[in-house]
2 protein chains.
Amino acid sequence: MTAQSRGLLAVVGPETGSPSCGVTVGPTWDPASAAHQRGELVTKRPVTPTSVVQIVVWERENFQGRRQEFTSECSNITQYDFDDVRSIRVESGVWVGYEHHDFEGQQFILERGEYSRWEAWSWSNSYHVEWMMSFRPVYCADHSASCMEIYERENFMGLHADLCEDYPSLQAMGWSNCNVGSMFVKRGAWVCYQFLGYRGYQYIMEYDRHSGEFKHWRQWGSHSQTPQIQSIRRIMH
Amino acid sequence: MTAQSRGLLAVVGPETGSPSCGVTVGPTWDPASAAHQRGELVTKRPVTPTSVVQIVVWERENFQGRRQEFTSECSNITQYDFDDVRSIRVESGVWVGYEHHDFEGQQFILERGEYSRWEAWSWSNSYHVEWMMSFRPVYCADHSASCMEIYERENFMGLHADLCEDYPSLQAMGWSNCNVGSMFVKRGAWVCYQFLGYRGYQYIMEYDRHSGEFKHWRQWGSHSQTPQIQSIRRIMH
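Notes on the structure in this doc start here. This is a predicted model, so every value here is computed, not measured.

Attention shifts here to the sheet that holds strand β3 (residues 64-70) of chain B. Residue and element names in this part refer to chain B. Judged by pairing direction, the sheet is antiparallel, and its 4 strands sit side by side in the order β3-β2-β4-β7 without closing on themselves. Every other strand in the sheet has two partners, leaving β3 and β7 (113-115) as the edge strands with one partner each. Between one strand axis and the next, the sheet turns through 15 degrees on average, direction left out of account. Of the strand pairs in this sheet, strand β2 (residues 54-60) and β3 are connected by 5 bridges, and their pairing is antiparallel. Bridge pairing in β3 places W58 opposite R67.

What follows is the structure, given as structure tokens:
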């Protein structure tokens, strides 16, 4: 399997002249990549063990105000004298943010990168969420070997489908229903979305929680109000 | 290439007893699938030519009020005595919706399925868009063979990366910048998003528009206000 087939970018310098601004590649860069074959400067980034996770949060937008680093879950940010979290940088690993303390309320997937204000992570409708009070790492994300089953009805009844990729439209891929009755995560971690195109409420579904079994839509999260699921994607480390 | 490797679902009936509610599969279902091997009832859906596109729009939410079908672009829905569009069903193909008439303003990718109200398609922040005034099909989507290049600076300058998959976090995949300076779509069609995890403003980038060349972020759409791009995915038919 090549690095690109695992979704990693080979970021290369300008084709003319030597790059002065440095070159980076993904953590499992493939030395047979086209960039390498062209003899371009490529710097290998150290492999990050999946057990190393780090998130930095700020009390104000745009990475301003006091900051706090975490390498494990935080059940209530007010214990660190924050009113709430207003900007985030995920340094490594994948995290889930929650609207309320103790991992309750709306869920937000947080992949590596910068979230400068609430709009960058929160689903914002008429009831939008401008804060994040608790968060925890997702340990079982396994992008290259994720698989799950979705069922038409609760308790794994009715029609079902095996998922092993990303599905921006379940309906386009053959699932004729806007709803999902139950789910069984056999491997990896997934984000399920209320609407097509990875939009709406998010539900983080992990192999190592509930034994991967989610028998009823009320188990998808404390904010679950509907069985509507129209798009699903894998979570990558 | 198997059907599943192309992202198609093999939707199968219950494992006990004969399914009474019918069974559907994706248009290029693989007869060697596990479902078939188990001898379960599987019905093949006819292949839809990519040139056949159809969208139905309603003047009210939840598919209420007057409806109108389209098989080609609509530059101004008011020409059909609609004030605007409030719910949508994409029957086939992939479409792009626009905030204003004549394909101006915010862009929304519309893949196959049902959009019951504005929240299902519009990026909704403090300046949210509750309507859609024009829309057109995307003809060049080619999920299995899409490729594009992103560049650090405008006019295809600076560091660049080749993309051939979906990237919920460009930063996780080795792109160290929150911005993209220019893009070259070599094949297929893509949605580029302002934020990580397919969130924020959308920019639909197609091989058959501008010859695939987008030299400056102002060319990404009439609503472009920033070079910020943090996630990118392919569009599938």
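This is not the end of the story, as more comes after the structure.
Across all of its chains, the model carries 19 aromatic pairs over all chains by this definition. Residues A:Y198 and B:Y198 carry aromatic rings whose centres are separated by 4.9 Å and whose planes lie at 25 degrees to one another, so their mutual orientation is stacked. Of the two residues, A:Y198 is situated in the loop between β12 (189-195) and β13 (199-206) and B:Y198 in the loop between β12 (189-195) and β13 (199-206); the pairing between them involves two chains. Judged on exposure class, the residue A:Y198 and its partner B:Y198 are both buried. In textbook terms, an aromatic cluster arises when at least three aromatic residues are bridged by ring pairs, as seen for A:F70, A:Y80, A:W95 and A:F135. Between A:R218 and the ring centre of A:W217, over which it is positioned, the NZ or CZ distance is 4.7 Å.

Let us look at empty space enclosed by the protein. This structure, assessed with the given rule, holds 1 cavity of 30 Å³ or more. Here the largest cavity is characterised by a volume of approximately 30 Å³. Around the largest cavity sit A:I109, A:E111, A:Y115, A:W121, A:Q202, B:L196, B:G197 and B:R199, which together line it. Looking at the lining of the largest cavity residue by residue, the classes come out as 4 nonpolar, 2 polar and 2 charged.

Cut-off values and rules
- Residues numbered from 1 in each chain as written.
- Chains lettered and ligands numbered in written order.
- Predicted model: local features only at pLDDT ≥ 70, side-chain atom pairs only at ≥ 80, totals over all residues.
- Heavy atoms only, no water.
- Pairing = 2+ DSSP bridges.
- Helix = DSSP H or I, 4+ residues; strand = E, 2+ residues; numbered from the N terminus.
- Axes fitted to C-alpha atoms, helices over the stretch in contact; angles between N-to-C directions.
- Phe/Tyr/Trp six-rings, centres within 6.5 Å; stacked < 30°, edge-to-face > 60°.
- Buried < 20%, exposed > 50% of the residue type's maximum accessible area, 1.4 Å probe, protein only.
- Lys NZ or Arg CZ within 6 Å of the ring centre and 35° of its normal.
- 1 Å grid on protein atoms, 1.4 Å probe; cavity = no way out; pocket = protein on both sides within 12 Å on 5 of 7 lines; lining within 4 Å.
- Points joined across faces, edges and corners; volume = space filled by probe spheres on them.
- Nonpolar A, V, L, I, M, F, W, Y, C, P; charged D, E, K, R; others polar.

Note that all results are geometric; they support no functional claim without further evidence.
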